[in-house]
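# Per-entry structural report
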Amino acid sequence: EPEVTQTPSHQVTQMGQEVILRCVPISNHLYFYWYRQILGQKVEFLVSFYNNEISEKSEIFDDQFSVERPDGSNFTLKIRSTKLEDSAMYFCASSEGIMGGLEETQYFGPGTRLLVL
Amino acid sequence: GQNIDQPTEMTATEGAIVQINCTYQTSGFNGLFWYQQHAGEAPTFLSYNVLDGLEEKGRFSSFLSRSKGYSYLLLKELQMKDSASYLCAAYLGAGSYQLTFGKGTKLSVIP
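In short, a report on the structure. What you are looking at is a predicted structure, and each value in this text was computed from that prediction instead of being measured. (Residues numbered from 1 in each chain as written. Chains lettered and ligands numbered in written order. Predicted model: local features only at pLDDT ≥ 70, side-chain atom pairs only at ≥ 80, totals over all residues. Heavy atoms only, no water.)

### Side note on the sheet that holds strand β3 (residues 19-24) of chain A
All names here are of chain A. Pairing within the open sheet is antiparallel, and its 4 strands lie in the order β1-β3-β8-β7. Two strands lie at the open edges of the sheet, namely β1 (5-7) and β7 (65-68), each paired on one side alone. The average undirected angle you get between the axes of adjacent strands in this sheet is 20 degrees. When β3 meets strand β8 (residues 75-79), the two strands line up antiparallel, connected through 5 bridges. For C23, the partnering residue across the bridge sits in β8 and is F75. (Pairing = 2+ DSSP bridges. Helix = DSSP H or I, 4+ residues; strand = E, 2+ residues; numbered from the N terminus. Axes fitted to C-alpha atoms, helices over the stretch in contact; angles between N-to-C directions.)

### Quick look at the pairing of strand β9 (residues 88-95) of chain A
Residue and element names in this part refer to chain A. Counting buried residues in β9 gives 8 out of 8 residues, a clear majority hidden from the surface. Neither face of β9 is open: one carries A88, Y90, C92 and S94, the other M89, F91, A93 and S95, and all of them are buried. The sheet contact formed by strand β4 (residues 31-37) and β9 spans 7 bridges and is antiparallel. Each residue of the ladder has a partner; that of W34, found in β9, is C92. Two elements, β9 and strand β11 (residues 112-116), share 3 bridges in a ladder whose sense is antiparallel. Residue pairing for β11: Y90 is matched across the bridge by T112. Taken together, the 2 bridges between β9 and strand β10 (residues 107-108) define a ladder with antiparallel strand orientation. Paired with A93 across the two strands is F108, which belongs to β10. (Buried < 20%, exposed > 50% of the residue type's maximum accessible area, 1.4 Å probe, protein only.)

Structural data, given as structure tokens:
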């Protein structure tokens, strides 16, 4: 069964450093997302991406964050200068479409646990 | 703002039936998802309701009432492996592609 994959599974970084989290969405999916989950809290939307551009972003997704689809398979989230409060589990998700029915279902990757020291 | 409420924790016995409720108040609405999340793992898709009524899928069923802003997830014949958090998420639609999640209900299944 196709699945979303993410690397690395864990990342430890120093405050102020840049990190890049990588995702490979399901191959026939067209819509890609990043979410985060701070330990013990709810899953929060960061950004959605379609047709090589950002479709929607939340207040969390400030100028320190960027996303990119550098090739036909990868989807990346970059945090330019990490802060302590960026420590969280980051989930990538993808969906086939958005126009109704089960094609809107977002499938999540296993996550990258980011720890900022 | 968006508001999705579900109970924080529930406990049920192996073999029993449990119902996890979710109420939502959102600026738009185009469907309700339920996900299962084991500790430290990704949410995995369980069910999706866009129309009023009951959707059944094996041991899991989900119900939606759009007029009441209410959904529930019903788990039958509980197994120990069903111990997990269950996340209710609203899909707003109408140009918004994000899922808005509730805080999740942590279900503990006991022997």
